[in-house]
Amino acid sequence: MTDTYRHQGLRRKLVETIKSKGIRDERVLDAIGKIPRHLFLDSSFTEIAYQDKPFPIGLGQTISQPYTVAFQTELLEVKPGDKILEIGTGSGYQACVLFEMGAKVFSIERHRELHKKSKALLNKMGYTPKLFYGDGYKGLPTFAPFDKILVTAGAPEIPDDLLKQLKVGGFMVIPVGKGGSQVMFRLKKTSDSEFEKEEFGHFRFVPLLGKKD
Ligand code: SAM
């Protein structure tokens, strides 16, 4: 669990890189500057953990590229105290970014092994978002409604259950598309049944998975 001066230096460079790519929210940049990304990766990635790239985390899944994490987080306009649901805990890195920004974070992961691994790591690091093993398509009705919902895997369509669990006035950020490429959408819930939809370009995510066979 060491975070050396070298790691800290590489992290500062990473923050400069994502800033140069257009991320402006200082609170997002601060969170990325604080979180030791190398700890979320296998030790063989320690030297390259601060490159602005996605990396494998096992079971065919990835930790997202830092720029993508920052981009989605910026779109969420996170405020301290926001109750945020993340779909796709993966390594737990994105959940920590939201937590570091003062949000109350709930995150669901469909792979039990990844859920267990991220839970153990975050406990060790002292981060305490609420992590759940389950199917993100269903959200967390018991804990709804949420101020914000963030989907970190490519969804073939926008899941109805998640729309229902969003507060009026809340945002959902979700990459939507079948196949290897998705369009990033931000939906604002303007009434119980109405949404405003904005589009933010193309991204590549691993797919949101349906029920286990
Ligand atoms: N947010 C993660 C991080 O910070 O490391 C990266 C997410 S990774 C790109 C997508 C994750 O979504 C994978 O861990 C995958 O197992 C998970 N996933 C896919 N389908 C899901 C579903 N239906 N419910 C919950 N998680 C799901």
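Caption draft 1: Representation of the sheet that holds strand β9 (residues 194-203) within the structure. Pairing is mixed in the open sheet, where seven strands are placed in the order β5-β4-β3-β6-β7-β8-β9. Edge positions in the open sheet fall to β5 (130-133) and β9, since each of these has one partner strand only. Each strand of the sheet is rotated relative to its neighbour by a mean of 15 degrees, with strand direction disregarded. In this structure, strand β7 (residues 166-176) lies alongside strand β8 (residues 182-191), joined through six bridges in antiparallel fashion. The residue bridging P175 from the neighbouring strand is M184, located in β8. Helix α3 (residues 66-76) rests against β3 (83-87), β6 (146-151), β7, β8 and β9 of the sheet, and its axis sits at about 155 degrees to β7.

Caption draft 2: Representation of the environment of L41 within the structure. Within the secondary structure layout, L41 lies in the loop between α2 (26-34) and β1 (55-58). In this structure the C-alpha to C-alpha distance between L41 and P56, which are 15 residues apart in sequence, comes to 8.1 Å. Beyond its immediate stretch of four places on either side in the chain, L41 contacts A49, F55, P56, I57 and I63.

Caption draft 3: Representation of the packing of aromatic side chains in the model. Counting across every chain of the model gives ten aromatic pairs. Centroid distance F45 to F55: 5.3 Å. Interplanar angle 45 degrees. Geometry classified as tilted. Taken together, the positions of F45 in the loop between α2 and β1 and F55 in strand β1 put the pair ten residues apart, joining distant regions of the chain. Judged by relative accessible area, F45 falls into the buried class, the value being 18%. Looking at F55, the relative accessible area reads 6%, which means it is buried.

Caption draft 4: The nonpolar core, seen in detail. I18, I23, I32, F40, Y93, V97 and L98 are the most contacted members of the largest nonpolar core, which totals 45 residues. Here the element with the most residues in this core is α3; it accounts for six residues. In this structure F40 touches I35, I57, I63, S91, G92, Y93, C96, L121, L122 and M125, once residues within four positions along its chain are discounted. L85, L140, V151 and L208 belong to the second-largest nonpolar core, a separate cluster that totals 22 residues.

Caption draft 5: Broad picture of the packing of α2 against helix α4 (residues 93-100). Packing of α2 against α4 leaves a shortest axis separation of 9 Å and a crossing angle of 125 degrees. Judged by the inter-axis angle, α2 sits oblique to α4. Taken as a pair, α2 and α4 cross one another with a handedness that is right-handed. Along its contact with α2, which presents A31, I32 and K34, the element α4 presents Y93, V97 and E100. Of the residues contributing to the contact of α2 with α4, the split by class is four nonpolar, no polar and two charged.

Quick notes on the rules
- Residues numbered from 1 in each chain as written.
- Predicted model: local features only at pLDDT ≥ 70, side-chain atom pairs only at ≥ 80, totals over all residues.
- Heavy atoms only, no water.
- Pairing = 2+ DSSP bridges.
- Helix = DSSP H or I, 4+ residues; strand = E, 2+ residues; numbered from the N terminus.
- Axes fitted to C-alpha atoms, helices over the stretch in contact; angles between N-to-C directions.
- Contact = heavy atoms within 4.5 Å.
- Phe/Tyr/Trp six-rings, centres within 6.5 Å; stacked < 30°, edge-to-face > 60°.
- Buried < 20%, exposed > 50% of the residue type's maximum accessible area, 1.4 Å probe, protein only.
- Core = buried A, V, L, I, M, F, W, Y, C linked by side-chain atoms within 4.5 Å.
- Parallel < 35°, antiparallel > 145°, perpendicular 65-115°, else oblique.
- Left-handed = near helix turned anticlockwise from the far one by under 90°.
- Nonpolar A, V, L, I, M, F, W, Y, C, P; charged D, E, K, R; others polar.

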